[in-house]
Amino acid sequence: MRTVRALQRLSRVLVCPCPPPLFVRLWSVAQRQSFSSGSAEKPLPGNLMLRHLTSKIKATGPISVAEYMREVLTNPVMGYYVQNDMLGPDGDFITSPEISQIFGELLGIWCLSEWIGAGKPSRFQLVEFGPGRGSLANDILRVFSQLRGALGGAAVSVHLVEVSPKLSQVQAQCLTGDQSQVSASEDEPVYRQGTSTTGLPISWYRNLDDVPRGFSIYLAHEFFDALPIHKFQGTEKGWREVMVDIDPDEPGKLRLVIVPAPTLASTQLIQADEKRRHVEVCPEGGVIVQRLANRIAEDGGAALIADYGHDGTKTDTFRGFKGHKLHDVLASPGSADLTADVDYSYLRRMAGATVACMGPVSQKDFLKNMGIDTRLQVLLRNCADPSTRAQLIQGYDMLTNPLKMGERFQFFTMLNHSRLTRPEQSKGGKKMAPVPKKGPAPLPVAGFSELGLS
Ligand code: SAH
């Protein structure tokens, strides 16, 4: 009951009539549609990535789509994420935290409600994977700062897992006002450190394994869709892997081929009862989910994964984006984002019974359960400027409209099992009740059911 009251107090603060200053981020979004590699663009002469890939293929034969994606996106010298700040109106795509501040604020409330649901541990790590421009973390930290009272004396720290030195710089600027230090050696597990403008320690890592153990809330927004996938096609001879090869008719171009013999991946990664004829599997995502599940089971905490995805139903979702438009996945590699929908059924299978899983639920349902309608009303009540009001409404529509981001984006969570069970209350004393008395019902998991606003 104490935790329920705490959460209600917390939500009242969120909807208090003095909302944070309105600095609304909103840009128009080119709507993402499904696309497969068709009309190839002519590669730019001297395209270093293309040359790198073609010499690799010449040396070893066709490469898996996973290897292609990994090289194109995260090659340490010329990878797309390593080189670019690709988010926002001048970039290649836009994400929910960049569209409206309400998104990050509600995720901040989610983190707090899970911390309360876990019994308010004294140390609280917020861990974000692939923080992009840092907007989501920034909105969450503003909520933490405003609700400092609800956090009590908990020692909160922020841990960012980011492969891109370029984006880590953008994040540091956003979160610390550029008051961060880069490690002297490239081999340090923590490659950047600083203090948030709200006074919390922030560290940057390349891998989850380097993040300290302890109670943590893990967030991954549009992160898993950027991890490399393998692609498979069902044929008369069984499952075969789709790979990337040089086009024999145009040696400066790449093409997708179905390789004639099984590969290790095609024999290992397909479920025996698979009904689809085309399947994409992201083993790197599976490994991260397993590591998260183990950490959550051993140290406590929760993970919230939000991405466009499906529950084991979709087939060919591998796409490229450049300048807010669909882009041939094989054209000018390294110049465009590559992405594939997240298969939540696969992530759930990888998590196994180590943790409790909930979802996926649609972004519309998640945000409505988190109280987005109330939050919008409060912001509108306190805002007289017609253009800001219009932007708030437009952002709300973009996030929740089923025809925009409302249905395609989905939320999935992994929780420590104890989070969903009634604790047994010991009455002390050896002679007390042989049947232990149950404690209070666990707090509902916000977003996956309604946040109990009073
Ligand atoms: N979460 C942000 C950005 C999404 S773009 C948002 O929603 O706005 C994907 C992010 O993941 C980028 O920050 C990119 O640099 C990072 N990223 C991609 N692959 C990664 C990897 N293998 N390890 C760590 N970070 C990665």
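Thresholds applied
Residues numbered from 1 in each chain as written. Predicted model: local features only at pLDDT ≥ 70, side-chain atom pairs only at ≥ 80, totals over all residues. Heavy atoms only, no water. UniProt positions renumbered as here; feature names shortened; annotations may be inferred. Salt bridge = Lys/Arg side-chain N within 4 Å of Asp/Glu carboxyl O. Helix = DSSP H or I, 4+ residues; strand = E, 2+ residues; numbered from the N terminus. Buried < 20%, exposed > 50% of the residue type's maximum accessible area, 1.4 Å probe, protein only. Near = heavy atom within 4 Å. Polar contact = N/O pair within 3.5 Å; in protein donor to acceptor, adjacent residues only side chain to side chain. Areas by Shrake-Rupley, 256 points an atom, 1.4 Å probe, with all protein chains shown as cover. Nonpolar A, V, L, I, M, F, W, Y, C, P; charged D, E, K, R; others polar.

- By the naming in an unreviewed UniProt entry, the protein chain is Protein arginine methyltransferase NDUFAF7, taken from Salmo salar.
- What UniProt records for the protein chain under Sequence similarities (unreviewed entry) is the sentence "Belongs to the NDUFAF7 family."
- If you open the UniProt record of the protein chain and go to Function (unreviewed entry), you find "Arginine methyltransferase involved in the assembly or stability of mitochondrial NADH:ubiquinone oxidoreductase complex (complex I)."

1. Considering the pattern of salt bridges
Here comes step 1: Under the criterion given, the structure shown has 22 salt bridges.
Here comes step 2: Residue Glu284 pairs with Arg70 through a salt bridge whose shortest N-O separation is 3.3 Å. Of the two residues, Glu284 sits in helix H11 (residues 283–299) while Arg70 sits in helix H3 (residues 65–74), which places them 214 residues apart along the sequence.
Here comes step 3: In this structure Arg70 comes out as partly exposed when scored by relative accessible area, which is 36%.
Here comes step 4: Arg419 serves as the salt-bridge partner of Glu114, at 2.7 Å between the closest nitrogen and oxygen. Residue Glu114 is found in helix H6 (residues 101–117), and its partner Arg419 is found in the loop between strand S18 (409–415) and strand S19 (424–425); the two are separated by 305 residues along the sequence.
Here comes step 5: Assessed through its relative accessible area of 3%, Glu114 is described here as buried.
Here comes step 6: Within this structure, Glu105, Asp139, Arg142 and Arg375 form a network of salt bridges that share partners.

2. Focus on the site of the ligand
Here comes step 1: Close to the ligand lie 19 residues; Thr95, Gly130, Gly132, Glu162 and His221 are nearest.
Here comes step 2: Thr95 is positioned such that a nitrogen or oxygen atom in its side chain is 2.6 Å from an oxygen atom of the ligand.
Here comes step 3: Relative to its unbound accessible area of 570 Å², the ligand is 95% covered by the protein chains.
Here comes step 4: Class assignment of the residues belonging to the shell around the ligand gives a composition of 10 nonpolar, six polar and three charged.

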